[in-house]
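# Per-entry structural report
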Amino acid sequence: MEYKTLADEILRGVGGKENVNSVVHCATRLRFKLKNISKADAEGLKKNPGVIMVVESGGQFQVVIGNHVGAVYDALVRGSALSESGDEEEGQDKGNLFARAIDVISGIFTPFIGIMAASGILKGFLSLALACGWLNPESGTYKVWFAASDAMFYFFPLVIGYTAGKKFGGNPFVTMMIGGAMVHPLMTAAFNAQQPGVPSEHFFGIPLVFINYASSVIPVILAAWASSWMEKRLMKLLPGSLRNFITPLICLMVIVPLTFLLIGPVATWASQQLANGYQFIYHISPAIAGAFMGGLWQVCVIFGLHWGLVPLMINNFSILGHDTMLPLLLPAVMGQVGAVIGVMLRAKDARTKALAGSAVSAGIFGITEPAVYGINLPRRRPFIFGCVGGALGAAILGYFQTTAYSFGFANIFTFTQIIPPTGFDQTVTAAIAGTVFALAFAALATFFFGMNEEAKAGETADSVSPASVQSPRGKTLVASPIAGICVALEDVKDPTFASGLLGKGVAIIPSAGRVVSPVNGTVVSLFKTHHAIGIESEDGAEILIHVGIDTVKLDGKFFTPHVAADTVVKQGDLLLEFDTQGIADAGYDLTTPVLITNSDDYLDVIPASTGQDVGEQALLLTLLR
């Protein structure tokens, strides 16, 4: 999929390459560290059809893209040679302490967000398989999949060591080796062999207290910071001929022992206090804690502040072996999904329905930015109802103290991650009930009370004619090349077209035997049997009009072309005529697919309402870049 144009527009919007210190991406956002944030054109970026929202938070300039953020990021980095990390200029304003903390946390965790979520989901599936008796924990199948799901978390110090080293500006392989030393089999064996609280080994006479650092978070982050700090100073002091191997050598020789002697024990103690503090607050009133988290989680997501809670959840798994915060987020996510469903059911605009449907599918899998920024927040009430539904649903989960036993991000798969080792119980039932309640409440409240700001009559997609409206920037409006009844592509009685294999679009049952150009462009292909024609619009949309099903077998009979390949055409120009009666009498289905064969070049292909009459040159498809 080609995203170079969007990437270039975003780069200009943030003030150009020279204004960018670094850029990373998470599940839906590009996260820029800018040298001068005043040079960024936030309002201009918000108007870009490929951008959902722009957020300034945590010292970052965040551009919300949606599910395609990875492709946009790749295009951005390839086209401009930007890097994930960069040295900040001396004297540059780094923001307050809280903003810097959020920036550090997101920078460390976002690179492996996908695999971390996947590992948690796989752990959940294994728990479900054990609870249902599908797998035996002693079987080879279970052990292989368990190893796949647990490797990420068991060797967390290596993974975090690498990303933390990059974030702190050090050699990430050095900091990864520090993390590796923390979970090395020799250290693990020493931990298992020592008596509780009694040092069994010494480092130059200094007693060592071994700790199990598997799945730990805070110790390796602090060790990576110390290593990066030392490395930067050694690189300035050592001669160029020695620094490449002497610097890593000194860092390993100094920081690894320091980690086992001081950094690790202190950080582990702090981790335990953090987990105990959370448990103390949570147990004061789990229901209130649930309502608080369920109601405000999406607000935190809007500003990117949710990253501040991710290490807390991971720390709970590391210290306690479970976490009660993660389940509380599930109703918050599904509350926004419910609000979008309410909008989709109530809206009359075909485009709004299509966008809402896409947001629902993304939200179910935990990506709520399209729902929040694209649908709910602009209408305000749906977003509020989603938050209220999330608060009420999470209060139910909190009351029954629903607990997660593997880390992930709240989505439909979280239900598998809250199954206790002992099997299904009331905490699982409460999770299902609370989540369904959040979704239903938000959907119903939005449907009945949340749509006062519905689009004005006459502004729906069905009423706009591409002949009279210039395509907005980033969009292509495709007119209907044939008059007839518009039907959904999946209803076409040909699996190749119905599956969308050749591209997204719609089909038309013709009421007249003529095909006109749906856009200004060029005829790029005309089949020798004249039953199909391909056109490329002026802005690159590739459109295939295929008259009838299997009509290639007619070998041109009943078809009269009026253009040839490479003909430049205007919208409405006659391309082809065909004998509808003759084709029907020959036993062929006249249903005519109109496809965008380069659909992957677009964020979405939105059809006009199906099941209705469509006039020649009326709006048929809206293509969004």
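Residues numbered from 1 in each chain as written. Predicted model: local features only at pLDDT ≥ 70, side-chain atom pairs only at ≥ 80, totals over all residues. Heavy atoms only, no water.

### Focus: the pairing of strand 11 (residues 521-526)
By the bridge criterion, five bridges tie strand 11 to strand 12 (residues 532-537) in an arrangement that is antiparallel. In the strand pairing of strand 12, Val523 is matched with Ile535. Following strand 11, the chain reverses through five residues before pairing antiparallel with strand 12; His530 in that reversal takes a positive phi of roughly 65°. As paired elements, strand 11 and strand 15 (residues 568-569) share two bridges and run antiparallel to each other. Paired with Thr522 across the strands is Val568, a residue of strand 15. (Pairing = 2+ DSSP bridges. Helix = DSSP H or I, 4+ residues; strand = E, 2+ residues; numbered from the N terminus.)

### Overview of the side chain of Thr416
Positionally, Thr416 belongs in helix 18 (residues 414-417). Ignoring sequence-local partners within four residues, the contact set of Thr416 consists of Ile121, Gly124, Phe125, Ser127 and Leu128. (Contact = heavy atoms within 4.5 Å.)

### Brief notes about the nonpolar core
Ranked by size, the top nonpolar core spans 60 residues in total, and within it Phe109, Met116, Phe156, Ile160, Met313, Ile314 and Phe407 carry the most contacts. Setting aside chain neighbours within four positions, we find Phe156 in contact with Phe112, Met116, Gly161, Ser215, Ser216, Val217 and Ile314. In terms of nonpolar packing, the next biggest core, distinct from the first, is built from 31 residues, Val523, Ile533, Leu554 and Ile596 among them. (Core = buried A, V, L, I, M, F, W, Y, C linked by side-chain atoms within 4.5 Å. Buried < 20%, exposed > 50% of the residue type's maximum accessible area, 1.4 Å probe, protein only.)

### Considering the pattern of salt bridges
Per the stated rule, a full pass over the model turns up four salt bridges. Note that Asp8 is salt-bridged to Lys4, the shortest N-O span being 2.9 Å. Within this pair, Asp8 and its partner Lys4 are both found in helix 1 (residues 4-13), separated by four residues, close to a single helical turn. Residue classification places Asp8 among the partly exposed residues on the basis of a relative accessible area of 27%. Taking the relative accessible area as the measure of exposure, Lys4 reaches 44% and is therefore partly exposed. (Salt bridge = Lys/Arg side-chain N within 4 Å of Asp/Glu carboxyl O.)

### Observations concerning a nonpolar patch on the surface
Together, Ile384, Val388, Leu392 and Phe437 line one region of the surface with nonpolar side chains, adding up to about 320 Å² of accessible area. If you tally residues by element for the nonpolar patch, the top one is helix 17 (residues 381-399), at three residues. Structurally, Val388 is set in helix 17. With relative accessibility at 35%, the residue Val388 sits in the partly exposed group. (Patch = residues over 30% accessible without salt bridge, like charges linked within 9 Å, V, L, I, M, F, W, Y side chains within 5 Å. Areas by Shrake-Rupley, 256 points an atom, 1.4 Å probe, with all protein chains shown as cover.)

### Focus: the confidence of the model for the chain
Averaged over all residues, the pLDDT of the chain is 84; the fraction at 70 or higher stands at 90%. Note on residues 86-93: pLDDT under 50 across the span, and ten contacts to partners over four residues away in sequence or across chains. Taken as a whole, residues 453-473 scores under 50 in pLDDT and shows 32 contacts with residues more than four places along the chain or in a different chain. (pLDDT = per-residue confidence, 0-100.)

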